[in-house]
Amino acid sequence: MKTDTMTLLSACTKGGVATVVKINATGPLKQRLISFGLMKGAEVKMLECAPAKSTFEIKVGNVALALRKEEAALIEVCNVR
């Protein structure tokens, strides 16, 4: 299923792929995400979701990142498939 509707990265499911539209973080957090390649237009794959632990493992390019639920909720995505 493909949709162009914007959603939050924290709402994506395991195995899903999406395109970053906007990062609503500021300061050092935003700079850290950008340094790992997480920026507007980047394709993100959801590797693991652990709702009980409130963590998400994503892949951006060749980089795997672990994000807290609060951090993933700051990232708007679209083209979820």
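Given the structure is predicted, the values throughout are model-derived calculations rather than measurements.

A.B. asks: Can you explain the sheet that holds strand E3 (residues 43–50)? Please cite residues and give values.
C.D. replies: Strand order in the open sheet made by the 6 strands is E1-E6-E2-E3-E4-E5, with antiparallel pairing throughout. Edge positions in the sheet fall to strand E1 (7–8) and strand E5 (63–68), since each has one partner strand and no second. Judged from the 2 bridges that link them, E1 and strand E6 (residues 75–78) form a sheet pairing that is antiparallel. What sits directly across from Leu8, in E6, is Glu76.

A.B. asks: Can you lay out the environment of Ile23 for me, pointing to particular residues and giving the numbers?
C.D. replies: Turning to its location among the elements, Ile23 is positioned in strand E2 (residues 17–23). With 46 residues separating them in the primary sequence, Ile23 and Lys69 have C-alpha atoms 14 Å apart.

A.B. asks: Which residues make up the pattern of salt bridges, and what are the values?
C.D. replies: A full pass over the atoms with the stated rule returns 4 salt bridges. Between Arg32 and Glu71 there is a salt bridge, and its shortest N-O distance comes to 3.1 Å. Of this pair, Arg32 sits in helix H1 (residues 27–35) while Glu71 sits in helix H2 (residues 69–72), placing them 39 residues apart in sequence. With relative accessibility at 34%, the residue Arg32 sits in the partly exposed group. Across the pair Glu71 and Arg68 runs a salt bridge whose closest N-O atoms are separated by 2.7 Å. The exposure class of Glu71 is buried, given its relative accessible area of 8%. Taken together, the shared-partner salt bridges connect Arg32, Arg68 and Glu71 into one network.

How each quantity is defined
Residues numbered from 1 in each chain as written. Predicted model: local features only at pLDDT ≥ 70, side-chain atom pairs only at ≥ 80, totals over all residues. Heavy atoms only, no water. Pairing = 2+ DSSP bridges. Helix = DSSP H or I, 4+ residues; strand = E, 2+ residues; numbered from the N terminus. Salt bridge = Lys/Arg side-chain N within 4 Å of Asp/Glu carboxyl O. Buried < 20%, exposed > 50% of the residue type's maximum accessible area, 1.4 Å probe, protein only.

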